[in-house]
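Survey of secondary and tertiary structure
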Amino acid sequence: MSALCEQVQDFFAGELSAAAADAFRDHLADCERCQGELHELLQLGALEAELARPATSLHWARKRRVLVAAALPLAIAAAALLWWAGHRGEHDTEDPVVLAQAAHRTIEGRLSYPGASQYRPYDIDRAAQPQPESIPLAKLATLEERGDFHGVAAGYLLLDEPERALKYLDRTGHSADADSDRALALLLHGEPERAVILLGDVLSRKPGHPQALWNRALAYRALGLSLAAASTFDEVATLDEPGWSDEARARAASLRADIEPHIAAYKQFYRQGMAFAAGTAEMSPTELAAFPGLGRLLFYDVVRAAPTRERLAALTAHARALDSAFAGSHLEDFVARAAAADPAVRGPLARRYAEILAGHRPTGARARAYVDALRRAGAHDLLIGALAYLGPGHIRVASEDLSELSRLASATGDPWFRLFAAEQSAQDLIDHHQSDRAVVTLLAASRVCEQHPIVYRCAKIAGLLAWHYLRQHRTSLGARYAKRAWDLARRGGDYWIGLTALTTLAKAAEVRDDISASALPLARAYLEELSLRAPDNCTYQSYGDQIVTMMLVNRGRNEDARAYHERWRHEHAACADAPLTLAEAYVGAHVYAGDGSAGAITRIRGALHRLREAAVPGSGHRALIDHTEGRLLLGREPDTARKLLRRAIEVASAAPATDVEARQARGYSFALLALDAGRHGDYQQALELLAEEAKVAVPARCAVGAALEDDWLVVVRGPDGAIGGAVTPYAHADLDVSNLVTQPFVDRLAGCAVVDVIARPPIHGSAKLLPPQIAWRYLTRRGTQPAAKVGPSQWLLVTDARPPDSLGLGHLAPYRGASAPDQWLHGQTATPSRVLTAMKTATVISIHAHGLVDLETDQASFIALSPDPNGDFALTAAAVRGQRLAGAPLVILGACEAARGAFTFHEPWSLPAAFIDAGASAVIASPAPVGDVDAAAFFDAVRRRIQAGEKPAVVLRDLRAAWRDRPGAGWVNRVLVFD
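Okay, so let's go over this structure. (Residues numbered from 1 in each chain as written. Predicted model: local features only at pLDDT ≥ 70, side-chain atom pairs only at ≥ 80, totals over all residues. Heavy atoms only, no water.)

Observations concerning the nonpolar core
Spelled out, the test is: Residues belong to one nonpolar core when they are buried, are Ala, Val, Leu, Ile, Met, Phe, Trp, Tyr or Cys, and are joined through side-chain atoms within 4.5 Å. Burial classification: accessible surface area is computed with a 1.4 Å probe over protein chains only, and a residue below 20% of its type maximum counts as buried, one above 50% as exposed, and the rest as partly exposed. Whether two residues touch is decided by their heavy atoms; if any such pair falls within 4.5 Å, the residues are in contact.
Of all hydrophobic cores here, the largest spans 273 residues; its most connected members are Leu99, Phe299, Leu893 and Phe915. For Leu99, the contacting residues outside a window of four places in its chain are Tyr113, Gly115, Ala116, Glu133, Ile135, Lys139, Leu140, Leu143, Gly151, Ala154, Gly155 and Leu158.

Overview of a nonpolar patch on the surface
The test is simple: Residues qualify for a patch when their relative accessible area is over 30% and they have no salt bridge, like charges being joined within 9 Å and the nonpolar side chains of Val, Leu, Ile, Met, Phe, Trp and Tyr within 5 Å. Under the convention used here, a 1.4 Å probe and the Shrake-Rupley method define accessible areas, while residue burial counts only the protein chains that appear. A side-chain nitrogen of Lys or Arg and a carboxyl oxygen of Asp or Glu constitute a salt bridge if their distance falls within 4 Å. Strands are runs of DSSP state E lasting at least two residues, helices are runs of H or I lasting at least four, and both sets are numbered from the N terminus onward.
Side chains of Tyr270, Met274 and Trp496 sit close together on the surface and give an oily, nonpolar patch of about 250 Å² of accessible area. Assignment of secondary structure puts Tyr270 in helix H13 (residues 244–278).

What about unusual backbone geometry?
Residue Pro762 follows Pro761 across a cis peptide bond; omega there is 5°. With respect to the secondary-structure elements, Pro762 resides in the loop between strand S4 (755–759) and strand S5 (776–778). One non-glycine residue, Asp800, adopts positive backbone phi at about 55°. Mapping Asp800 onto the fold places it in the loop between strand S6 (795–799) and strand S7 (823–826).

What about the packing of aromatic side chains?
By convention here, two paired aromatic rings are described through the distance between centres and the angle between planes. As a reminder of what qualifies: Ring pairs are drawn from Phe, Tyr and Trp, using the six-membered ring of Trp, whenever the two centres fall within 6.5 Å, and their geometry is named by plane angle: stacked under 30 degrees, edge-to-face over 60, tilted for the rest. Only Lys NZ and Arg CZ are tested; either one counts as a charge over a ring when it is within 6 Å of the ring centre and within 35 degrees of the ring normal.
All told, the structure shown has 24 aromatic pairs when counted by the stated rule. When the centroid spacing of 5.2 Å and the interplanar angle of 70° are considered together, the rings of Trp776 and Tyr778 count as edge-to-face. Its relative accessible area of 6% is what places Trp776 among the buried residues. Members of the aromatic cluster, connected to one another through ring pairs, are Tyr266, Phe269, Phe291, Tyr495 and Trp496. Against the face of Phe149 rests Arg171, its NZ or CZ located 4.0 Å from the ring centre. In this structure, Arg966 is placed above the aromatic ring of Trp963, and the distance from its NZ or CZ to the ring centre is 3.9 Å.

Side note on helix H33 (residues 598–614)
Put simply, the rule is: Here a helix's expected span is defined as the number of its residues, less one, multiplied by 1.5 Å.
Helix length check: H33 (17 residues) gives 25 Å between terminal C-alpha atoms against 24 Å at 1.5 Å per residue, within 8%. As for H33, its buried residues are in contact with helix H32 (582–592), helix H34 (620–633) and helix H35 (638–654).

Describing the state of the cysteines
Basically, it comes down to this: Disulfides are defined in this document as cysteine sulfur pairs within 2.5 Å.
In total, this model carries three disulfides according to the counting rule given. Paired through a disulfide, Cys449 and Cys458 show a sulfur-sulfur distance of 2.1 Å. Between Cys449 and Cys458, the S-S torsion sits near -105°, and that sign places the bridge as left-handed. Overall, Cys458 belongs to the buried group, its relative accessible area being 5%. In this model, Cys538 is linked to Cys575 through a disulfide, with the two sulfur atoms separated by 2.0 Å. Taking the sign of the torsion about the S-S bond as the criterion, the disulfide between Cys538 and Cys575, at about -75°, is left-handed. With Cys538 in helix H29 (residues 538–554) and Cys575 in helix H31 (residues 573–576), this residue pair connects regions lying 37 residues apart in the sequence. Since its relative accessible area comes to 11%, Cys575 is described here as buried. When the bonded cysteines of the chain are numbered from the N-terminus onward, they pair as 1-2, 3-4, 5-6.

Some thoughts on the sheet that holds strand S9 (residues 850–852)
Rules: Two strands qualify as a pair provided that DSSP identifies no fewer than 2 bridges between them.
Strand order in the open sheet made by the three strands is S9-S10-S11, with antiparallel pairing throughout. The sheet is open, and its two edges are formed by S9 and strand S11 (874–875), each paired on a single side. By the bridge criterion, three bridges tie S9 to strand S10 (residues 862–864) in an arrangement that is antiparallel. Among the inter-strand pairings, Gly851 is bridged to a residue of S10, identified as Ile863.

Concerning the pairing of strand S8 (residues 844–848)
Of all five residues in S8, five are buried; the element is thus mostly enclosed. The pairing of S6 with S8 spans four bridges and is classified as parallel. Note on S8: the bridge partner recorded for Leu797 is Ser846. In terms of strand pairing, S8 meets strand S12 (residues 890–894) through five bridges, oriented parallel. Bridge pairing in S12 links Val844 to Leu890.

Some words on the pattern of salt bridges
In the structure shown here, the tally under the stated rule is 52 salt bridges. A salt bridge links Arg182 to Asp179; its shortest N-O distance comes to 2.3 Å. A residue pair is termed a helical-turn pair when its members lie 3 or 4 positions apart in one helix, as Arg182 and Asp179 do in helix H9 (residues 176–188) at three residues. Note on accessibility: Arg182 and Asp179 belong to one class, buried. Overlapping salt bridges, with partners in common, bring together Arg605, Arg612, Asp626, Glu629, Glu637 and Arg647 in one network.

Comments concerning the pairing of S12
By the criterion of burial, S12 is predominantly enclosed, with five of the five residues buried. Here S12 shows a buried face lined by Leu890, Ile892 and Gly894 and a second buried face lined by Val891 and Leu893. As judged from the three bridges shared by S12 and strand S13 (residues 922–925), these two strands associate in the parallel manner. Looking at S13, one finds that Ile892 is bridged to Ile924.

Some words on the packing of helix H21 (residues 380–389) against helix H22 (residues 402–412)
Counted only if it meets this: Each axis is a line fitted through C-alpha atoms, taken for helices only over the stretch in contact, and angles between the N-to-C directions span 0 to 180 degrees. Should an angle fall under 35 degrees it is taken as roughly parallel, and over 145 as roughly antiparallel, whereas 65 to 115 is taken as roughly perpendicular and any remaining angle as oblique. Whether a crossing is left-handed or right-handed is set by the direction in which the near helix is turned from the far one by less than a right angle, anticlockwise for left-handed and clockwise for right-handed. Residues were grouped as follows: Ala, Val, Leu, Ile, Met, Phe, Trp, Tyr, Cys and Pro as nonpolar; Asp, Glu, Lys and Arg as charged; and all remaining residues, including Gly, as polar.
Their axes nearest at 10 Å, the elements H21 and H22 cross at an angle of 140°. Taken as axis vectors, H21 and H22 run oblique relative to one another. Taken as a pair, H21 and H22 cross one another with a handedness that is left-handed. Contact residues: His380, Leu383, Ile384 and Leu387 in H21; Glu404, Leu405, Leu408 and Thr412 in H22. In terms of residue class, the contact of H21 with H22 is built from five nonpolar, two polar and one charged.

Structure follows, in structure tokens:
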């Protein structure tokens, strides 16, 4: 055996010098042993890369599985080609093309490409449009001729043309170097979040990658994460690279110099401002206006606590200084109104208010007596503050006082108080599970913010909207408002508001990661900034632990999750023993459910017992507590656990439908019980549980049940009523359901006229669960029982919508139906509001339009219609779910991906599920693209046959077979029935 054979591993890893690599290539041509070993390494590399790639959606995960299974040899060959080209590109030094020749670099980022990776100080002209480097096009042509697309991309990055760079990077492999440069291109293109995610992947593959660390620091800075960026530059500095390390130290110092004094000043300002409000210290007008948002908040209390006209007169200059910051006169008016009051009446009330600010809060009858005295005196300025300070938790206005607060706020004419009243009202509605009403209040407040951008208040409004949408898994909207809250907090320099915004951004990343399995690096970025800004705050430190731990659990990395959590407890010993919140206990129930220590189990159960005693009986919160304990004990004390899960279901089922925690507790508990039954071989019970959750009768024959929790569950009942099933491991990276119902199970369904499928999300709505040759339908839980069909059919047809041009959607083929509808909304009349109104009495609804999915977040699809006057063009699941469809309509959604659901585990969230919930009798839709030319003819044929009395599932099976051989009609195999 040649000594060169010992180098095959190093050659594959790219760790040989250029000369040694060339020598090994010469040897490889004649050595069958090395060829075989390299072939195995390539196979492993291709497989590892495939498994590491995030499954961004159910659809694409299935597609990838099919491609890999069908063309493995081609995949290996392609991997070999990319590997060979990438390694030669990294180490081949013949005739190198040096791209970066100027004395200074004009982009802050670092390139990994060898011809542009050397250190050069960063320097640009202070011009309106800094000039990029000058690179002869001949050099780029030489690189392209060589097939060195990474080099061409590096050239375009130096030329400040990231879009062109990305196109060339798409033609390269996914080495750490290429992906680091790809992330830099995304950053330069204005997409720092995507850059952070990609750089997180690079650094997980190659920890300490210098260019990736540097570029991540820049991406963090672009997101406003100054301290996290400084910390990352610190990591670069430790690498001791000539030039780069010194610049990294300087950049870290500069970032800290910008933010740390600001944070320290804010905290000092707050302490001094509280003393000023309590009358134990003074502040000048200039000092008070240094942080206008917090200053305004404190100043209202300063005025309320001022007992004399002399004291109020001394505050006029402060009011003018703050009004100047807000371009208004509200604060000066506020002082003037207080000064106009009778000092003999107002003085004692103001002194009592100052005592409240100092921490001497009355309770019970004394608190009510003080509030009543304020009302009798007409001291409305003090009354607004007292309602908040003396309400629940000393920061909330009691529910019974909210209408009074709204009247008082409107009477002031001050938008600050209007926004405060809106925030308090919305939070109360959310607490009482009326989130739909809450969002109306918050959106109205957002419009006030457009006219009066009061940063402190508007950031709070945006944060509440973000949480509302995230709880509904409306990830795109949630992330949008979370970013708005963060941007407003940064603009106003409001430290505490910024911390809350960071928690919301991290939550948005967690929800997104649950959908696309790619946002863990983004969540960690926000949480690192949160940790560095509040290093001694156990609430925020613990929040970061629970977010990351749960994200690891969701990826199936339970051992990593436990190791991370235990490491956090060790590093934060002062916080680790604090009383657990429900969120922390819920995370712990996942981490320790299998084989946690007795101490960990006892601690979590103790916390749940404490939380249960404080919870409102019959609430979703109480149900979620029972669910959490049941999850924790299912593998240890199964009988106790099952009782807890059952109790969680009973409590949740009796809670209001708007209670999000109740819906989660119900869905998660049914999933655990069904999987538990399957693991014990009781497939009859598993099917009964799935039917109970969906509120449908248990099929006596011809049925499939499916669920996904920690494992896959499938239950199959044939035409003879015999039942069987299987529980198989869930890889957490593969959401392919096409092989869930295996061929032996499919064979059991032979002879079934129609197969009823009861599937939990995220399986519900998948097109490949059963073959198209079978007549099958998804049984879907409804919230409203279909009305009895009385009177003639009312067919609503929606076509030819004109969504905004900014969406870049082409015109669909003109609709040519065989018969005329009873109501036809088309063109500019096909708006969401008009469609929703017309749907209420229709018995048949046909919509032919574009269907869209938020590709970034893999959210549920929506139908793009013509804009309403307010600009809204999307017919969403949320909008449909709030309707009452009195005509029990058959709904046909002739739109691409109209059945595509959000990635949720507690309940289906999709347009078909929303229509069924609103009262539709059946929905026909596809989770896949729909062909435009033949769609009208196909869906019209479906409609006519169903209206003639045929079963929808049978109609679809027959039409799929009839259209099978038509060119371009393969999409019909993905059309589904929801019943």
